Amino acid sequence: MRLALIVTGCIVAAVVVLAITKGGSSKTKSAAPSKAAEHKAFAGSPPPLASLHDDGGQLLGGGTSAFKQRLATLKGHTVVVNIWGSWCGPCREEFPVFQKASVQLGRNVAFLGVDVQDSDSSAKRFLSQFPVSYPSYSDPNLKIANTMAAVGAFPTTIFFSSRGKQIDKHIGPYSSAADLTADVKRLDK
């Protein structure tokens, strides 16, 4: 009897671990708009934001210096940084929220991603399934995330003011684009 309980407990633990490592539910559907709808939404974007949209869906290298350089070019705009990993179930579930909000707000607000503790091939595969209108930076060793004190829980969303200062942090996934949009509007003052 005791052996059966131990074996059953191990099976339950294995199922939980498998669900977490496989990214949780496979029912998450992409909310990416068509390229035509995205192009229309971003018409007339200021040059720094237009540059982000041009790099949309790409995984960029360059580490901390490239990320900080991009942030510097975005001064004058609120910046929303989503720290995620393709291996992270809550991150995967949250991605449609960022797909929607980044298009709704992308003419005035900058969005960036930071892909942590991931292989580039896994991240690129995920981004092809869940394309976003902004680029993500590869951060396999958490060096970029560490600059924002964002290590520990993923996903984490970091907000920067239009002056380039980090002003807020949201730990955990957003469950709706409306919630993320409300936070952006509250902080974008």
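Because the structure is a prediction, the values reported are computed rather than measured.

(A) Region of the structure containing helix α3 (residues 47–54). Along α3, the residues classified as buried are Leu-49, Leu-52 and His-53. For α3, the angular spread of buried residues about the axis comes to 100 degrees, placing them on one side. Across α3 from its buried face, at more than 90 degrees, point the exposed residues Pro-47 and Asp-54.

(B) Representation of the pattern of salt bridges in the model. All told, the structure shown has three salt bridges when counted by the stated rule. With a shortest N-O distance of 3.2 Å, Asp-168 and Arg-186 are connected by a salt bridge. Remark: Arg-186 occurs in helix α8 (residues 177–187) and Asp-168 occurs in strand β6 (residues 166–171); sequence separation between them is 18 residues. Relative accessible area serves as the criterion here: at 24%, Asp-168 is assigned to the partly exposed category. Accessibility expressed as a relative area gives 45% for Arg-186, which makes it partly exposed. Across the pair Asp-183 and Arg-186 runs a salt bridge whose closest N-O atoms are separated by 3.4 Å. Pair noted here: Asp-183 and Arg-186 are both in helix α8, with a separation of three residues, about one helical turn. The exposure class assigned to Asp-183 is buried, which follows from its relative accessible area of 18%.

(C) Quick look at the confidence of the model for the protein. For the protein, the mean per-residue pLDDT works out to 84, and 78% of the residues sit at or above 70. Counted against residues more than four places away or in other chains, residues 1–25, with its pLDDT under 50, gives 11 contacts.

(D) Representation of the nonpolar core within the structure. Ranked by size, the top nonpolar core spans 47 residues in total, and within it Phe-67, Val-81, Ile-83, Phe-111, Leu-112, Met-148 and Leu-180 carry the most contacts. Ranked by the residues each element gives to this core, the list is headed by helix α5 (residues 89–105), at six residues.

(E) Molecular detail of the sheet that holds strand β5 (residues 156–160). Taken in spatial order, the six strands make up an open sheet running β1-β4-β3-β2-β5-β6, and their pairing is mixed. On the outer flanks of this sheet lie β1 (59–60) and β6, each paired with one strand and no other. Pairing between strand β2 (residues 79–84) and strand β3 (residues 110–116): six bridges, direction parallel. Within the sheet, the bridge partner assigned to Val-81 lies in β3 and is Leu-112. Where α5 meets the sheet, its contacts fall on β2, β3 and β5, and the angle it forms with β2 comes to roughly 160 degrees.

Calculation criteria
- Along each chain, residue indices are assigned from 1 in the same order as the chain's sequence is written.
- pLDDT decides what is reported in this predicted model: residues at 70 or higher carry local features, side-chain atom pairs at 80 or more are listed and counted, and totals for whole chains, interfaces and linings draw on all residues regardless.
- Hydrogens are left out, water is left out, and the side-chain values use all remaining heavy atoms of the structure.
- Relative accessibility under 20% of the residue-type maximum defines a buried residue, over 50% an exposed one, and the middle range a partly exposed one, all with a 1.4 Å probe and only protein chains included.
- Here a strand is any run of E in DSSP of at least two residues, a helix any run of H or I of at least four, and the numbering for each starts at the N terminus.
- Taken from the helix axis, the directions to the C-beta atoms give the arc we talk about.
- Salt bridges are identified by distance alone: a Lys or Arg side-chain nitrogen within 4 Å of an Asp or Glu carboxyl oxygen.
- Residue-level confidence of the predictor is summarised by pLDDT, bounded by 0 at the bottom and 100 at the top.
- In what follows, residue pairs with any heavy atoms lying within 4.5 Å of each other are defined as contacts.
- Only buried residues count toward a nonpolar core, which is a set of Ala, Val, Leu, Ile, Met, Phe, Trp, Tyr and Cys residues joined through side-chain atoms within 4.5 Å.
- A pair of strands counts as paired when DSSP detects no fewer than two bridges linking them.
- Note on method: axes are straight lines fitted to C-alpha atoms, helices fitted across the in-contact stretch only, with angles between N-to-C directions ranging 0 to 180 degrees.

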